[in-house]
Amino acid sequence: MFGIQHIKFDSMTYVFHFNNGLIKREGRGLSFFYFAPNSSIVAIPMGSNDLPFIFGESTNDYQQVTIQGQISYKISKPKELADILDFTVADNGVYKKNDIEKLNQRIINEAQTATSSYIHSIKLKDAIRSAKAIEEQILEGLKSSVAISMLGIEILGANILGISATPEMARALETETREKLQQEADQAIYERRNFAVEQERIIKETELNTEIAVEEKQKQISEKKMESMIQKSDNERKLREMQLEADISVENQRKQFIEQKTENDKKEAETQGYVIEATLKPYKEMDWKILTALNNNPDPRFNIALAFRQLAENADKIGNLNISPELLDSLLNEKTR
């Protein structure tokens, strides 16, 4: 009514209210009345945006690759962006121009520029496997870009979703890779068979070495047994020799003992003979008659026997001798009693 309008913005929109070319109010999430004929309203979206992109580049070996990804950013300096791009809204809150597409395209151009020199320096196969490196190139290029800095935006991140070659080159790479994989498979089969043969050889060598070791051990055992038997025989021989030496020593000692005993017995006998001889020497020169008298035997038969002996010694002097039977009978009867 009479040109006075009311407009309201959410908290994620930064608003500039220009009145007669001067900023009357600014801020996020504003709601106000304004006089439309002399007012201009700029609304900058402050939320983060995910910007998808896809572009093609040529590698060092003149092959075309397509890079697909996404850049996350947010507007950190809305006033600087408002000075460069037009984010003016109509009375109904709709943008008069679609400069957000300009902003997105400028970001994509800067990302492609940051990537281009790197892609041109590597070959196709390396490019296909360089997603992480391309992400780093894009982030570094955007953060160091003067144009991005002038736009007043902050780069939050970059992601490479895919890097692909042309369909013809992709099929060629698939064929090459397939052949290479087949060769690797054949090589793996060969190596596996070779490994099996090698393992079989090692097993046989191990078995032969084991048999040789067993034979060597048996030989050592036999030699040890032989040495033990020789040692045992030698010990038995030494024992027999020691026994013989002991027996000889015992016999020698026994011989010495016998000789000593014989010598002692001889000396004892000589001593006894000397004693007897010395004892009997006084009686040796004496008449037996004196000895008989010294004996003083009271037996009458003894005396009769002496008488008969005396008679026998003097038989040549005796003419006739009469012995009565009674005398003999008495002597014999006395003996038998």
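Residues numbered from 1 in each chain as written. Predicted model: local features only at pLDDT ≥ 70, side-chain atom pairs only at ≥ 80, totals over all residues. Heavy atoms only, no water.

**Examining the overall build of the protein**
Then, number 1: Scanning the protein from terminus to terminus reveals nine helices and nine strands.
Then, number 2: Counting across all 337 residues of the protein, residues that qualify as buried make up 21%.
Then, number 3: Contacts in the protein between residues far apart in sequence, at least 24 positions, make up 63% of those at least 6 positions apart.
Then, number 4: Counting only carbon and sulfur atoms, one obtains 54% of the accessible surface of the protein, whose full area is about 24500 Å². (Helix = DSSP H or I, 4+ residues; strand = E, 2+ residues; numbered from the N terminus. Buried < 20%, exposed > 50% of the residue type's maximum accessible area, 1.4 Å probe, protein only. Contact = heavy atoms within 4.5 Å. Areas by Shrake-Rupley, 256 points an atom, 1.4 Å probe, with all protein chains shown as cover.)

**Some remarks on the layout of surface pockets**
Then, number 1: What the largest pocket holds in volume is close to 170 Å³.
Then, number 2: Together, Lys125, Ile128, Arg129, Leu173, Glu176, Thr177 and Lys180 line the largest pocket.
Then, number 3: When residues of the lining of the largest pocket are traced back to their parent elements, those giving at least two are helix 3 (124-128) and helix 6 (167-284).
Then, number 4: Among the elements that line the lining of the largest pocket, the one with the most residues is helix 6, at four residues.
Then, number 5: Its residues placed into classes, the lining of the largest pocket shows two nonpolar, one polar and four charged. (1 Å grid on protein atoms, 1.4 Å probe; cavity = no way out; pocket = protein on both sides within 12 Å on 5 of 7 lines; lining within 4 Å. Points joined across faces, edges and corners; volume = space filled by probe spheres on them. Nonpolar A, V, L, I, M, F, W, Y, C, P; charged D, E, K, R; others polar.)

**What to know about the packing of aromatic side chains**
Then, number 1: Under the criterion given, the structure shown has five aromatic pairs.
Then, number 2: On the numbers, 6.3 Å between centres and 35 degrees between planes, the contact of phenylalanine 16 with phenylalanine 18 is tilted.
Then, number 3: Phenylalanine 16 sits in the buried class, given a relative accessible area of 1%.
Then, number 4: You can call phenylalanine 18 partly exposed: its relative accessible area is 23%.
Then, number 5: Through pairs of rings, three or more aromatic residues link up here, namely Tyr14, Phe16 and Phe18. (Phe/Tyr/Trp six-rings, centres within 6.5 Å; stacked < 30°, edge-to-face > 60°.)

**Side note on helix 2 (residues 99-120)**
Then, number 1: With 22 residues, helix 2 should reach 32 Å at 1.5 Å per residue; the first-to-last C-alpha distance of 31 Å fits that figure.
Then, number 2: Turning to helix 2, its buried residues are Asp99, Leu103, Asn104, Ile107, Ile108, Ala111, Ala114, Thr115, Ser116, Tyr118 and Ile119.
Then, number 3: Where helix 2 is buried, its residues contact strand 6 (49-58), strand 7 (64-75), helix 1 (78-84), helix 4 (131-144), helix 5 (146-151) and strand 9 (153-165). (Expected span 1.5 Å × (residues − 1).)

**Examining the side chain of serine 116**
Then, number 1: Structurally, serine 116 is set in helix 2.
Then, number 2: Take serine 116: its relative accessible area is 17%, and that puts it in the buried class.
Then, number 3: For serine 116, the side chain forms a polar contact with the side chain of glutamate 57, separated by 3.4 Å. (Polar contact = N/O pair within 3.5 Å; in protein donor to acceptor, adjacent residues only side chain to side chain.)

**Notes on the side chain of serine 145**
Then, number 1: With respect to the helices and strands, serine 145 occurs in the loop between helix 4 and helix 5.
Then, number 2: A distance of 2.9 Å separates the side chain of serine 145 from the side chain of glutamate 110, its partner in a polar contact.

**Here we look at the sheet that holds strand 6**
Then, number 1: Across the sheet, which stays open at both edges, the three strands sit in the order 6-7-9 with antiparallel pairing between neighbours. Because the sheet does not close on itself, it has two edges, and the strands there are strand 6 and strand 9. Direction aside, the axes of adjacent strands within the sheet are offset by 20 degrees on average.
Then, number 2: For strand 6 and strand 7, the ladder comprises ten bridges, and the chain directions are antiparallel. Looking at the pairing, leucine 51 lines up with isoleucine 71 of strand 7.
Then, number 3: The strands touched by helix 2 are strand 6, strand 7 and strand 9; relative to strand 6, the strand with the most contacts, the crossing angle is about 40 degrees. (Pairing = 2+ DSSP bridges. Axes fitted to C-alpha atoms, helices over the stretch in contact; angles between N-to-C directions.)

**A short note on the pattern of salt bridges**
Then, number 1: With the rule as written, the count across this model stands at ten salt bridges.
Then, number 2: Residues lysine 132 and glutamate 135 are paired through a salt bridge, measuring 3.9 Å at the closest nitrogen-oxygen approach. Of this pair, lysine 132 and glutamate 135 both sit in helix 4, three residues apart, which is roughly one turn of the helix.
Then, number 3: The class for lysine 132 is exposed, based on a relative accessible area of 57%. (Salt bridge = Lys/Arg side-chain N within 4 Å of Asp/Glu carboxyl O.)

**Looking at helix 4**
Then, number 1: Look at helix 4: 20 Å from first C-alpha to last across 14 residues, which is about the 20 Å you get at 1.5 Å a residue.
Then, number 2: Listed as buried for helix 4 are Ile134, Glu135, Ile138, Gly141 and Leu142. Axial view of helix 4: buried residues confined to an arc of 140 degrees, hence all on one face. Relative to its buried face, helix 4 has exposed residues pointing more than 90 degrees away, namely Lys132, Glu140, Lys143 and Ser144. (Arc of directions from axis to C-beta.)

On their own, these measurements won't tell you what the molecule is for.
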